[in-house]
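# Fold and geometry: a report
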Amino acid sequence: MTTPTDSPTRIRRIYDGHAGLYADSLVTEAATLLDAYLATAEQHDLDRKAADEDGWLALSAAETIARKYSRPKTERTSTELSQLVRELNTALTAEGLEVVPTQIRMGTGVAPLPGGPTWGMNGGLTVALYSDSGWHLMVNAARTTVHTIHAPDTADGTHEVAQLVHGVLRGDVADPFRRSR
């Protein structure tokens, strides 16, 4: 019988301390990896708590899974990239967000929400995906800081990206562009 663990909470706490944004599916995957690490420790007669007393196993699980989604295993073709961008646009629209033009190459601009935080001159954000990297979030401006969105580059991943962007625009997700984060 599987017993519930606090692994998802521990992984979320680690990701919340980083500047990037992390999809829920990564939290789940990293928590599963952490549980596997702890089960292996038990097989070696180590108590779960003692095995990760300093948090290195939790950190390892979190970083390993995040790294898995930071760039594709092989460079995406233009067809694959175009399909993911179309799926992202559909997911953003399904979230009730307005897709707007952007100066960012391979980017999809997203308009700010009334009453939500704003950035730059037009106030919106841009999500970009390139052939050799993962998702990126930036202010919809020519010069901007870039933050990684750790999420799968799949149709389901585009929905998670759209949900994270919506959360940032509503102010529900910690704003990666604010220094007080």
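Provided above is the structure to which this section pertains.
Residues numbered from 1 in each chain as written. Predicted model: local features only at pLDDT ≥ 70, side-chain atom pairs only at ≥ 80, totals over all residues. Heavy atoms only, no water.

This next bit is on the pairing of strand β6 (residues 146-150). Sheet analysis places strand β1 (residues 21-22) next to β6, joined by two bridges and oriented parallel. Within β6, the position partnered with Leu21 by the bridge is Ile149. Bridge analysis of strand β5 (residues 135-139) against β6 gives four bridges, and the strand direction is antiparallel. If you follow Met138 over to β6, its bridge partner there is Val146. Taking the residues that link successive antiparallel strands as the turn, the β5-β6 hairpin has six residues. (Pairing = 2+ DSSP bridges. Helix = DSSP H or I, 4+ residues; strand = E, 2+ residues; numbered from the N terminus.)

Between two packed helices, the angle of one axis relative to the other and the distance separating the axes together describe the packing. The contact between helix α2 (residues 24-43) and helix α4 (residues 56-68) brings their axes to 8 Å, and the two run at 135°. Taken together, the axes of α2 and α4 are oblique relative to one another. For the pair α2 and α4, the crossing hand works out as right-handed. On α4, the residues touching Leu26, Glu29, Ala30, Leu33, Leu34, Tyr37 and Leu38 of α2 are Leu57, Ala58, Ser60, Ala61, Ala62, Thr64, Ile65, Ala66 and Lys68. When the residues that make up the contact of α2 with α4 are grouped by side-chain class, the tally is 12 nonpolar, two polar and two charged. (Axes fitted to C-alpha atoms, helices over the stretch in contact; angles between N-to-C directions. Parallel < 35°, antiparallel > 145°, perpendicular 65-115°, else oblique. Left-handed = near helix turned anticlockwise from the far one by under 90°. Contact = heavy atoms within 4.5 Å. Nonpolar A, V, L, I, M, F, W, Y, C, P; charged D, E, K, R; others polar.)

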